[in-house]
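Structural characterization, general
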Amino acid sequence: MNLDNLACIDLDQPSLEGFRKFINSWIYQGDGFTLLVDPGPLSTIPRLCEELRARGVKRLDYVLLTHIHIDHAGGTGALMKEFPEAIALCHQDGIRHMVAPEKLWQGSRKVLGAVAEAYGEIVAVPEERIRFEERLDGIGLRTFLTPGHAQHHCSYQLDDFLFVGEVAGVRCEVDQGIYLRPATPPRFILDVALDSIDRMAALAPRQMAFAHYGMVENGLEHLQIARRQLVLWVRGVAETLAVEPSRREDALFTWLLERDDQFRNIRNLPKDIQARERTFFGNSMRGMVEFVESLTEEERRALVAG
């Protein structure tokens, strides 16, 4: 894969605090084909199309969806109206929701509220233009089912390059070190998420693209960090589960700042991005709390014991 033909397109949301350097789409112009990964929500499609035109993209062959959450896939139907030859690739369980997105849209509004309204309604994708493919040998693409962040999550390997979606969580750029945060909304199951990370790590990726945010040259290291984070955070949730619910989130936040070398870099982020990450921290915690609460007392004690 020629990295000179790969570009990251920022899909900022000026109406939402800190929603910059957060959502990105990836465009790759290969030898005889062009593909795009995660077009983003409806509100960013005009910006995305403008960038594609500026880069001379007149045709899209494939639109790859890492998962069907509104901030990744909500604008897919609108983008495909602009590129009528494009075919969308998606997890099998996500296809029906993209073809008839009303339930997905209402669920997004219920969970995200004003953020979903800012993203815009989810536009349907024609049924004949969306499918699942395990591999496209003609262009060197492989699809991996990687549940964890979502049950309908996929990762894509193009030659030796990995589009990992949110398997390794959320990354933010910091001047020194690494900032990572697990992305574990309900329904989260630790073993499922760890299995997805392990299978991606087995590919030993060097270059790797996050859905949130950017590309790294040491993909395997980031996957290893993400794995350690998941285990550490679940342990932290187990240790703070007895804290009164109204104070539990602050207790876990403090617990992690003392123990997670990557997450504590939240203090080095710009203030508006800190605020965004602090909000999403609560979403990640809720998925883990539900998971830990589903365990037996013996299983929780084992977590605390490490």
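Residues numbered from 1 in each chain as written. Predicted model: local features only at pLDDT ≥ 70, side-chain atom pairs only at ≥ 80, totals over all residues. Heavy atoms only, no water.

For the protein chain, the name recorded in an unreviewed UniProt entry is Beta-lactamase domain protein, with Pelobacter propionicus as its organism.

Residues annotated by UniProt as "domain: Metallo-beta-lactamase" (unreviewed entry) correspond here to residues 22–212. Summarising residues 22–212: 30% helix, 23% strand, and an end-to-end C-alpha distance of 5 Å. (UniProt positions renumbered as here; feature names shortened; annotations may be inferred. Helix = DSSP H or I, 4+ residues; strand = E, 2+ residues; numbered from the N terminus.)

As enumerated under the stated definition, the model contains 18 salt bridges in all. A salt bridge links Asp-195 to Arg-199; the shortest N-O distance between them is 3.0 Å. Of this pair, Asp-195 and Arg-199 both sit in helix 7 (residues 190–201), four residues apart, which is roughly one turn of the helix. Arg-199 gets classed as partly exposed once you look at its relative accessible area, which sits at 30%. With its nearest N and O atoms 3.1 Å apart, the salt bridge here joins Glu-277 to Arg-276. (Salt bridge = Lys/Arg side-chain N within 4 Å of Asp/Glu carboxyl O. Buried < 20%, exposed > 50% of the residue type's maximum accessible area, 1.4 Å probe, protein only.)

With that out of the way, let us pick up the sheet that holds strand 9 (residues 154–158). On the basis of which strands lie adjacent, the open sheet formed by six strands has the order 7-8-9-10-13-14 and mixed pairing. Lying at the two open borders of the sheet, with one neighbouring strand each, are strand 7 (135–136) and strand 14 (215–216). Where strand 7 lies against strand 8 (residues 141–145), two bridges are found, and the strand directions are antiparallel. If you follow Arg-135 over to strand 8, its bridge partner there is Arg-142. Helix 8 (residues 219–240) contacts strand 10 (161–165), strand 13 (208–210) and strand 14 of the sheet and is inclined by roughly 50° relative to strand 13. (Pairing = 2+ DSSP bridges. Contact = heavy atoms within 4.5 Å. Axes fitted to C-alpha atoms, helices over the stretch in contact; angles between N-to-C directions.)

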